[in-house]
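This is what each chain is made of:
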Amino acid sequence: MFLILKKTVGIVNDQTKSYFVNKLQGYDDLIQDKENKLLEIETQIKDKEKGIKEEETLKANNQNYAFDNNVIDLFNATKYQDQNIFELNKKIDENFVVNYEELIRDFLTLCDDKTDYDFCTKLRGKFDSDTIYNLKSMLKDDYEAELKKILDTKEYKVYETFRLVTSENSIENFIDYLDQLVDLNDPKVRIMVGNKSENYDHLSKNIETVYNDKIYRGIKIVYKNKVYDFSLSERNV
């Protein structure tokens, strides 16, 4: 019994040692796997950081040369036809030299005074909404008689001129005719410019400077429904 017991204890002892050795080996393998996994993750992180730095460097370099690339693209897209764009601009600067203030002052001396404008404005002012309504409701003879009361001799001649040029003698058409006379005799001079910093309002109380993005160089003068062109525009540059 003693020998059997001793042998049994020895076997159990060996099995126990083997079990714990196997367990420890399993833990060692698990720890090694963990270390390998951590090393792999660390390598991936370093690769990512390296890639980000390279990408930022590339972007920085591209930004440094973005303007140059745009300029090159612009030149490639430009159709020079028979002349270089820089030479064209130089010729414009050399030959298209005008003292615009002096030109406008000279133009103002040729403008009519505002006597006719004041007359037309006063004549149009006699026909307010109530007067127009009353004239519109009258018979033809009464309408003519009422106009002679409202208008003086010179003003009535304007009405007689209107009757000669119209096919329909109505108060509405006569009012339209008077509005056109006011516009045609308007002393306002509109100076159209292509540069927002240009302004000629100080040359006369009748001047109004208007910006026009279609004008490349120079000015246009609009006076009494006529345009006097002293400019280069997009279509003729």
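Above this note sits the structure.
In what follows, the accompanying structure is described.

What to know about the nonpolar core
The biggest cluster of nonpolar side chains holds 20 residues, and the ones touching the most others in it are Phe127, Leu147, Leu151, Tyr159, Phe174 and Leu178. Put simply, the parts of the chain that give this core at least two residues each are helix H5 (115-125), helix H7 (140-150), helix H8 (153-165) and helix H9 (171-184). Top contributing element to this core by residue count: H9, with seven residues. The residues contacting Tyr159, other than those within four sequence positions of it, are Tyr143, Glu144, Leu147, Leu151, Asn169 and Phe174. Within the second largest apolar cluster, 14 residues are counted, among which are Tyr100, Phe107, Val189 and Ile207.

Topic: the side chain of Thr209
Take Thr209: it is sitting in strand S2 (residues 207-211). Since its relative accessible area comes to 17%, Thr209 is described here as buried. Among the polar contacts listed, one links the side chain of Thr209 to the backbone nitrogen of Tyr200, at a separation of 2.9 Å. Of the polar contacts made by the side chain of Thr209, one reaches the side chain of Asp201; its length is 2.7 Å. When residues no more than four places from it in sequence are discounted, the contact partners of Thr209 are Ile191, Val193, Glu198, Asn199, Tyr200 and Asp201.

Details of the environment of Asp116
Relative to the helices and strands, Asp116 is located in helix H5. Its relative accessible area of 43% is what places Asp116 among the partly exposed residues. Each C-alpha atom of the pair Asp116 and Val182 lies 8.6 Å from the other, and the pair is 66 residues apart in sequence.

Quick notes on the packing of aromatic side chains
Counted by the stated rule, this structure contains nine aromatic pairs. Taken together, a centroid distance of 5.7 Å and an interplanar angle of 90 degrees make the contact between Phe127 and Phe174 edge-to-face. With a gap of 47 residues between them, Phe127 in the loop between H5 and helix H6 (129-136) and Phe174 in helix H9 connect regions that are remote in the sequence. The two residues Phe127 and Phe174 agree in class, both being buried.

Some remarks on the pattern of salt bridges
Applying the stated criterion across every chain, the model contains seven salt bridges. Here Arg124 ties to Asp179 by a salt bridge, and the two come within 2.7 Å at their closest N and O atoms. Linking Arg124 in helix H5 with Asp179 in helix H9, this pair joins segments that are 55 residues apart in sequence. In this structure, Lys136 and Glu172 form a salt bridge, with 3.1 Å as the shortest nitrogen-oxygen distance. Taken as a pair, Lys136 in helix H6 and Glu172 in helix H9 lie far apart in primary sequence, 36 residues in all. For Glu172, a relative accessible area of 34% gives the class partly exposed.

The rules behind the values
- Residues numbered from 1 in each chain as written.
- Predicted model: local features only at pLDDT ≥ 70, side-chain atom pairs only at ≥ 80, totals over all residues.
- Heavy atoms only, no water.
- Core = buried A, V, L, I, M, F, W, Y, C linked by side-chain atoms within 4.5 Å.
- Buried < 20%, exposed > 50% of the residue type's maximum accessible area, 1.4 Å probe, protein only.
- Helix = DSSP H or I, 4+ residues; strand = E, 2+ residues; numbered from the N terminus.
- Contact = heavy atoms within 4.5 Å.
- Polar contact = N/O pair within 3.5 Å; in protein donor to acceptor, adjacent residues only side chain to side chain.
- Phe/Tyr/Trp six-rings, centres within 6.5 Å; stacked < 30°, edge-to-face > 60°.
- Salt bridge = Lys/Arg side-chain N within 4 Å of Asp/Glu carboxyl O.

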